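# Architecture and fold: a report
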Amino acid sequence: MAAALALSGAGYAARPFVTDDARIVEPGGYQLETFIKRQHSFGEKEFWFLPAHNPGGPVEFTVGGIWIDSTLDGNSRAALAQAKTLFKKLERNGAGYALTLGLTRLHQDTNPYVNGIGSFSLADDRVVLHSNLGARRDSEAGLTRATWGVGSEITLTRRLYGIAEIFGERGEKPTRHVGLRFWVVPDRVQIDSTLGEQVSSPSRRFHSIGLRLLW
């Protein structure tokens, strides 16, 4: 479960990214992201359900849940709540900046987190880079862990995008993550799939399949 909370503690991003981006749902808009993640090295599967809404303005709110069934760490359920504030909108060939504040709730432990975000558009949006730097409270260990992430999204066709990123936190090995997102209906219905690996003990190698809806 610690790995999943580390992921959410980095600030939750638009699928299939873990590294967050300086974008939010349009004012008055809604978003639903859900995905299944399976470990290859041992028996573990995760289900994420993350609805979001922007009531109007520069703040997007997300409230959701995480369900994990694991032969290594046991079964767990956690709740997540997050507010994401946009300071500067990301524009073509420009930069955007945002901040997330959130918390996860597991059993009796509440773990707040904060994440600073910078996104940078290159080559008329054909390449967009994202960088994150933040921290999350690990109540079980009784310490605060620094978090970080660097990612890129690359336009392959009008509807198909590739992503590559590396992210991690203090006290853990970094995770490498690659994937594809495809707009079935542009800017409305997206499907995606990823592969990732964290060289740890035990090694964590995983894949995920996700769905994203906007309205």
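Coordinates for the structure precede this section.
Calculation criteria
Residues numbered from 1 in each chain as written. Predicted model: local features only at pLDDT ≥ 70, side-chain atom pairs only at ≥ 80, totals over all residues. Heavy atoms only, no water. Helix = DSSP H or I, 4+ residues; strand = E, 2+ residues; numbered from the N terminus. Rg over C-alpha atoms; globule rule 2.2 N^0.38 Å. Contact = heavy atoms within 4.5 Å. Lys, Arg positive; Asp, Glu negative; His and termini not counted. Charge placed at Lys NZ, Arg CZ, Asp CG, Glu CD. Buried < 20%, exposed > 50% of the residue type's maximum accessible area, 1.4 Å probe, protein only. Pairing = 2+ DSSP bridges. Core = buried A, V, L, I, M, F, W, Y, C linked by side-chain atoms within 4.5 Å.

### Notes on the overall build of the chain
Within the chain, the regular secondary structure consists of one helix and 12 strands. Reading the helices (α) and strands (β) of the chain from amino to carboxyl end gives α-β-β-β-β-β-β-β-β-β-β-β-β. Relative to a compact globule of 215 residues, whose C-alpha radius of gyration would be 17 Å, the chain shows 16 Å and is just as compact. Projected onto its principal axes, the C-alpha positions of the chain cover 45 × 30 × 30 Å. Here the analysis covers contacts within the chain between residues at least 6 apart in sequence; of these, 46% occur between residues at least 24 apart. For the chain, the centre of its 25 positive side-chain charges and the centre of its 22 negative side-chain charges are spaced 2 Å apart.

### With respect to the pairing of strand β2 (residues 44-53)
What you see with β2 is a clean split: Glu44, Glu46, Trp48, Leu50 and Ala52 sit on the buried side and Lys45, Phe47, Phe49, Pro51 and His53 on the side with no burial. Of the pairings in the sheet, the one linking strand β1 (residues 30-39) to β2 comprises nine bridges and is antiparallel in character. If you follow Phe35 over to β2, its bridge partner there is Trp48. Between β1 and the antiparallel strand that follows it, β2, lie four residues. Where β2 meets strand β3 (residues 59-70), eight bridges bridge the pair, whose relative direction is antiparallel. For His53, the partnering residue across the bridge sits in β3 and is Phe61.

### A closer look at the nonpolar core
For soluble globular proteins, the rule of thumb is that nonpolar side chains tend to be buried together. Phe35, Trp48, Leu50, Ile66, Ile68, Leu80 and Tyr113 together form the largest nonpolar core, which totals seven residues. The set of elements that each furnish at least two residues to this core consists of β2 and β3. Core analysis: the second largest hydrophobic core is formed by five residues, Ala22, Ile24, Leu86 and Ala98 among them.

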